[in-house]
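# Results of the structural survey
If you want the building blocks of each chain, they are given just below.
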Amino acid sequence: MKKLTLVCLLLIGSIAMSLAQTAKQVLDKCAATVSAASGVSAQFTMNSAQYGNASGTIAIKGQKFCMKSSRTSMWFDGTTLWTYVASNEEVNISKPTAQQLQTLNPYNFINLYKKGFSQTMTTSASDFNVHLTATDQQHKIREAFLTIDKKTYAPKEIKMLTGSKWTTFTISGLKTEKQADATFRFDSSAYPDAEIIDLR
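Residues numbered from 1 in each chain as written. Predicted model: local features only at pLDDT ≥ 70, side-chain atom pairs only at ≥ 80, totals over all residues. Heavy atoms only, no water.

### A closer look at the environment of D149
Here D149 shows up in strand β9 (residues 141-149). Among the residues examined, D149 registers a relative accessible area of 18% and is labelled buried. When the C-alpha positions of D149 and A125 are compared, they lie 9.8 Å apart, and in sequence the two are 24 residues distant. Each residue touching D149, except ones within four places of it in the same chain, is listed here: S126, D127, F128, A154 and K156. (Helix = DSSP H or I, 4+ residues; strand = E, 2+ residues; numbered from the N terminus. Buried < 20%, exposed > 50% of the residue type's maximum accessible area, 1.4 Å probe, protein only. Contact = heavy atoms within 4.5 Å.)

Take a look at the structure:
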C-alpha cells in the first residue's frame, strides 16, 4: 500500500511538473508574439473595479508602449511616461518605477510568469488557459488568468487581481507591424490646449 501511495504521489508530481513546463512553453511563445522586434498593435477593452472601463488601441515595441482611449492616453518611450487625461486636458510627465510599470504596460502583463509566479494550465478547443499565482506575498499582482489563442499564441484576455480588485483586458486584432519610435512619445502639437505637469 505504501509503495502504491508513493507511486501515485510521484505520478501526480510528474504531471504537475509537466503542466508547468507546458504552461511556460506556451507563455514563452505568447511573449515572443507580443514582443516582435518591429512592434505590434491591437485593440483592447478594459474592465476594472479600480480604474473603470475603457476601450481603445495599443501599440507595443519592446518595453515601449502607446495606449489610447477616449478617457486616457499613455505614451512610454522606455524611460518617460506621458499620461493624458481627456476630462481635464492635462498631461502628467513621470519616470515610472519597474513596479509601477507592471500595472501599466501590457507587455509586462504577458511577462509576469518569468519571476515570482507559479503556473498551471488547462486547454479548450481553441485556447490555452493559463493561471498564474504569486509565490511572493509582497507581489502587487496576486493572481492572473491568461487566455491565449492556440493557433497564433496571441493573448486574447488577461485578467489580473491587484489587491482585492480585478482588472480584465480583452485583446483583439493583434498584428505585427513596424512601429516608429515617435509613436511612443507625446506630441504636444496634437494637444495644444493641454496643461503639462512635469512630475519627474
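### What about the packing of aromatic side chains?
Considering all chains together, one arrives at 8 aromatic pairs under this definition. For the ring pair W75 and F186, a centre distance of 5.2 Å and an interplane angle of 70 degrees mean the geometry is edge-to-face. Of this pair, W75 sits in strand β4 (residues 72-76) while F186 sits in the loop between β11 (165-176) and β12 (195-198), and the two are 111 residues apart along the sequence. Assigned by exposure class, W75 and F186 land together as buried. When the ring of F145 is compared with that of W166, the centres are 6.0 Å apart and the planes differ by 35 degrees; the resulting orientation is tilted. Taken together, the residues F145 in strand β9 and W166 in strand β11 connect sequence positions 21 residues apart. Of the residues examined, F145 reaches a relative accessible area of 33% and is grouped as partly exposed. Among the aromatic residues, those joined into a ring-pair cluster are W75, Y84, F186 and Y191. (Phe/Tyr/Trp six-rings, centres within 6.5 Å; stacked < 30°, edge-to-face > 60°.)

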